[in-house]
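Given next are the chains, with one letter for each unit.
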Amino acid sequence: MDLQKNFMFVCLYAVVILVLGSPSGVRAEDIVQGDDKTPKKPGCENDFVLVKVQTWIDGQEGREFVGVGARFGTTIVSKEKHANYSRLVLSNPRDCCRPPKKKLAGDVIMVERGNCKFTTKTNVAQDAGASAVLIINNQKELYKMVCEPDETDLDIHIPAVILPKDAGASLESMLFNNTSVSVQLYSPRRTVVDIAEVFLWLMAVCTILIASYWSAWSAREAAIERDKLFKDGPYELQDTAIMSSTGAMEISVTLALLFVVVASCFLLLLYKLMSSWLIELLVILFAIGGAEGLQTCLVALLSRVFKSAGQSFVKVPFLGAVSYLTLGITPFCITFAAVWAVYRNLSFAWIGQDILGIALIITVLQIVRLPNLMVATVLLSCAFLYDIFWVFLSKMVFHESVMIVVARGDKSGEDGIPMLLKIPRMFDPWGGFSIIGFGDILLPGLLMTLSLRYDWLANKSLRAGYFLWAMIAYGLGLLITYVALNLMDGHGQPALLYIVPFTLGSFVTLGLKRGDLKVLWTTGVSERICQHLRLHPDDIDELSQDK
């Protein structure tokens, strides 16, 4: 790629990647476990939990629905084997604001929302002999059933669960078309740690490892080529373009500051305009970027094997000189990305999304580089504050976490934005995915690539260098993120809140201890003495006079 192509590539995708980089751990079907707007009080102190409603039609297992338990009433059992089978009946009157016409014998009663309080409906059902109440919402979304401010010391001894409107329609159809419909209500607990999080951790670490070694290898090859030019003709070096041979674009302090500002504006725009068409647009952008990244990675990998195809070029209209290897790989990459975009809602489509995402991240880490530790500190510090504000503090302004809403694709009718690496939770009874945003890999990855380039150009061993310790710090920071995620009952966590102090803090501390901080802060590259450069005595005298 030439520098112009790199610049366009970065401008198109980098902002999107960083905007949608967090939070980590948002899972499908998650719901907030607590709510500061509805404080607990006696008789109304349950946590909001997801509830499975398993149906049995004429003794045969039927569909399963998901609802939300109310703040009031008895807690729902967590294990299916402890859940009772109870006959489902339809309330008459439908809203259950008045006593049903028939007495119930431990049945689960299904009622419609509206015309009276949730607690009133539950009390009426309890007095009629119901064992539980299913309240059908008048919308497709779930809803948190709370107590009114003036309600105190409630005496409700049956569970209450709210279901979305479409689930209510399905249950009503079952009741009209079958002789007997029974239900089980239970709320299984999530596993503390799912193996998906382990694989996601390995995926993030390995992506940075690959990108860092590729970047360092390119930098070392450029340094070797530069030394050859010094040897062949030191006075002609100024006429060469070797210093930009890698085609990398370095971030300046101004760009680092501007990048976060633009990312914030773009995130806010996504939040305000979130809809299905916007998700479709992001899918198209991601597919284009993923295809480009996959092509770059495959060409770089296969050119080592098929050297002649990688070094033979043909002129293509509008594209210029293109290698035969690139021509052969590009259709595959485009087809791969297009197939993923079309079938992205299938259960196994996450594999294609992760392949495209990893290739995109690795490619961006080859194109964009941090010149020194000063720029790294500015960029990561701004991203650190950006993550905290849009995940946590934005609730004060918008009454919800802007980052979490955008990451989940709320209000869009879609499954969420595609700029994420995700793996299905294998042992979670609720299913869903463990995810990590691109920014949580890309931003620390820029620091990792800087550390390995410095180590290689300074001829430092793995233990005496910075890369090993920076990678360990990143791994620990990401691990702490998942620990915090589980301690916070699945609330989305800004991964950079934990990763930045670990990585940047360890880098700066180690550089200060070893005496390399000044070089790392200013140039980012150790001083290398060129053995091929020899000054004429007259030049030495002239330099002395200038001093």
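Everything discussed here concerns the structure shown above.
Just so we're clear, the structure is a prediction, and the values are computed from it rather than from any experiment.

Per the counting criterion, the structure on display carries 2 disulfides. Here C44 connects covalently by a disulfide to C147, the sulfurs 2.0 Å from one another. Of note, the bridge from C44 to C147 carries an S-S torsion of about 110 degrees and is right-handed in sense. With C44 in the loop between α1 (3-19) and β1 (50-57) and C147 in the loop between β5 (132-136) and β6 (160-163), this residue pair connects regions lying 103 residues apart in the sequence. C147 matches C44 in its accessibility class, with the two residues each being buried. The disulfide partner of C97 is C116, and the S-S distance across this bridge is 2.1 Å. Negative torsions about the S-S bond denote left-handed disulfides, and the value of about -90 degrees found for C97 with C116 makes this one left-handed. Taken as a pair, C97 in the loop between β3 (86-90) and β4 (108-112) and C116 in the loop between β4 and α2 (118-127) lie far apart in primary sequence, 19 residues in all.

Locating Q54 in the fold gives a position in strand β1. You can call Q54 buried: its relative accessible area is 3%. There is a polar contact of 2.9 Å between the side chain of Q54 and the backbone oxygen of G62. Setting aside chain neighbours within four positions, we find Q54 in contact with E61, G62, R63, E64, S182, V183, Q184 and Y186.

With respect to topology, 7 strands assemble into a closed barrel ordered β1-β2-β6-β5-β4-β3-β7, the strand pairing being mixed. Taken pair by pair, the neighbouring strands of this sheet meet at an average axis angle of 40 degrees, ignoring direction. Bridge analysis of β3 against strand β7 (residues 181-186) gives 2 bridges, and the strand direction is antiparallel. Within β7, the position partnered with R87 by the bridge is S182. This element, α2, spans β4, β5 and β6 of the sheet and lies at about 140 degrees to β5. Set on the sheet, helix α3 (residues 165-177) makes contact with β1, β2 (60-69), β3, β4, β5, β6 and β7; between it and β2 the angle comes to about 145 degrees.

Below, the discussion takes up the packing of helix α12 (residues 439-457) against helix α13 (residues 467-487). Their axes nearest at 8 Å, the elements α12 and α13 cross at an angle of 165 degrees. Regarding the angle of α12 to α13, the classification is roughly antiparallel. For the pair α12 and α13, the sense of crossing is right-handed. For the pair formed by α12 and α13, the contact residues are D440, I441, P444, M448, S451, L452 and D455 on the first element and F467, A470, M471 and Y474 on the second. Broken down by class, the residue content of the contact of α12 with α13 amounts to 8 nonpolar, 1 polar and 2 charged.

The rules behind the values
- Residues numbered from 1 in each chain as written.
- Predicted model: local features only at pLDDT ≥ 70, side-chain atom pairs only at ≥ 80, totals over all residues.
- Heavy atoms only, no water.
- Disulfide = S-S within 2.5 Å.
- Helix = DSSP H or I, 4+ residues; strand = E, 2+ residues; numbered from the N terminus.
- Buried < 20%, exposed > 50% of the residue type's maximum accessible area, 1.4 Å probe, protein only.
- Polar contact = N/O pair within 3.5 Å; in protein donor to acceptor, adjacent residues only side chain to side chain.
- Contact = heavy atoms within 4.5 Å.
- Pairing = 2+ DSSP bridges.
- Axes fitted to C-alpha atoms, helices over the stretch in contact; angles between N-to-C directions.
- Parallel < 35°, antiparallel > 145°, perpendicular 65-115°, else oblique.
- Left-handed = near helix turned anticlockwise from the far one by under 90°.
- Nonpolar A, V, L, I, M, F, W, Y, C, P; charged D, E, K, R; others polar.

What is shown is where atoms sit, not what they do.
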